[in-house]
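So you can see what is in the structure, the chains are spelled out below.
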Amino acid sequence: MHKTLARLYRDHLNSNRLMDILEGQLEVLKFTKPLPAKLMSEIVSYVREYTDKIHHPIEDHLYQVLLARTDRGHDEMEELLGQHLIVVDLTRKMLQAVDSADGGDNDSIDRLIEAGRELISHQRNHMNFEDRMAFPLLQEELKDEDFDIAAGALPDDEDPLLDPNIATRYPELFSYLNKGELMV
Ligand SMILES: [Fe+2]
Ligand SMILES: [Fe+2]
């Protein structure tokens, strides 16, 4: 498997782990004081800063090459490209919900839980579909040069969760992760 495709799979493992953490935080939100706003914001910021800006553009490039090269998976690729746009909107809503829930009233916490669940569900379904359908198709149809070009067209940013500077960029997440298991 090309290292770019392996990286996309690894990104999904890390993102799924973050969605699990976010889900756990949402489940206890009504009983948690103070609100774990910083941790939740950092997780959503990660989705904006890494998933939206690095991970999705690599996939977008690969899906476009696939669309140009074969009729296989045409509708599915279009669907996935559209889902990348939806997540931008969901993260924006989620960050707003975290901000407005900071006061701790029940209605704003309910809205935060709803926004969080929507983001988690979208992300999980999206990644699951890519893992099962889109990535195997990329593996079958694309050449090594396609993967090289897709990764080379973007800054070579590594997953910030694997960056030694994670403690500076995402301090709350770093300390949370250090209490439990580390990322892959
Ligand atoms: Fe994607
Ligand atoms: Fe993905």
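Residues numbered from 1 in each chain as written. Chains lettered and ligands numbered in written order. Predicted model: local features only at pLDDT ≥ 70, side-chain atom pairs only at ≥ 80, totals over all residues.

Under an unreviewed UniProt entry, the name given to the protein chain is Hemerythrin-like domain-containing protein, and the organism recorded is Solemya pervernicosa gill symbiont.

**Considerations on the overall build of the protein chain**
Assigned secondary structure in the protein chain consists of seven helices and zero strands. Each helix and strand of the protein chain, placed in order from N terminus to C terminus, yields the pattern α-α-α-α-α-α-α. Against the globule reference of 16 Å for 184 residues, the protein chain gives a C-alpha radius of gyration of 17 Å, in line with a compact fold. C-alpha atoms of the protein chain, sized along the principal axes, occupy 55 × 35 × 25 Å. Classification of the 184 residues of the protein chain by burial places 27% in the buried group. Within the protein chain, contacts between residues at least 6 apart in sequence are counted, and of these 78% link residues at least 24 apart. (Helix = DSSP H or I, 4+ residues; strand = E, 2+ residues; numbered from the N terminus. Rg over C-alpha atoms; globule rule 2.2 N^0.38 Å. Buried ≥ 20, exposed ≤ 12 C-beta atoms within 10 Å, placed from the backbone. Contact = placed C-beta atoms within 7 Å.)

**Examining the UniProt feature "domain: Hemerythrin-like" (unreviewed entry) in the protein chain**
Following the UniProt record, the feature "domain: Hemerythrin-like" (unreviewed entry) maps to residues 6-138 here. Secondary structure over residues 6-138 splits into 86% helix and 0% strand, and the C-alpha atoms at its two ends are 12 Å apart. (UniProt positions renumbered as here; feature names shortened; annotations may be inferred.)

**Side note on the confidence of the model for the protein chain**
Chain-level pLDDT for the protein chain is 89 on average; 93% of the residues reach the 70-or-more range. By mean pLDDT, helix α6 (residues 166-169) is the weakest element of the protein chain at 80, and helix α4 (residues 106-141) is the strongest at 95. (pLDDT = per-residue confidence, 0-100.)

**A short note on α4**
End to end, α4 covers 50 Å across 36 residues, agreeing with the expected 52 Å (1.5 Å per residue, within 8%). At E130, α4 shows its maximal kink, close to 45°. Those residues of α4 that sit buried are L112, A115, G116, L119, Q123, H126, M127, E130, A134, F135 and L138. Buried residues along α4 sit against α1 (3-27), α2 (37-69) and α3 (74-100). (Expected span 1.5 Å × (residues − 1). Bend = angle between axes of the 7 residues up to and from the residue.)

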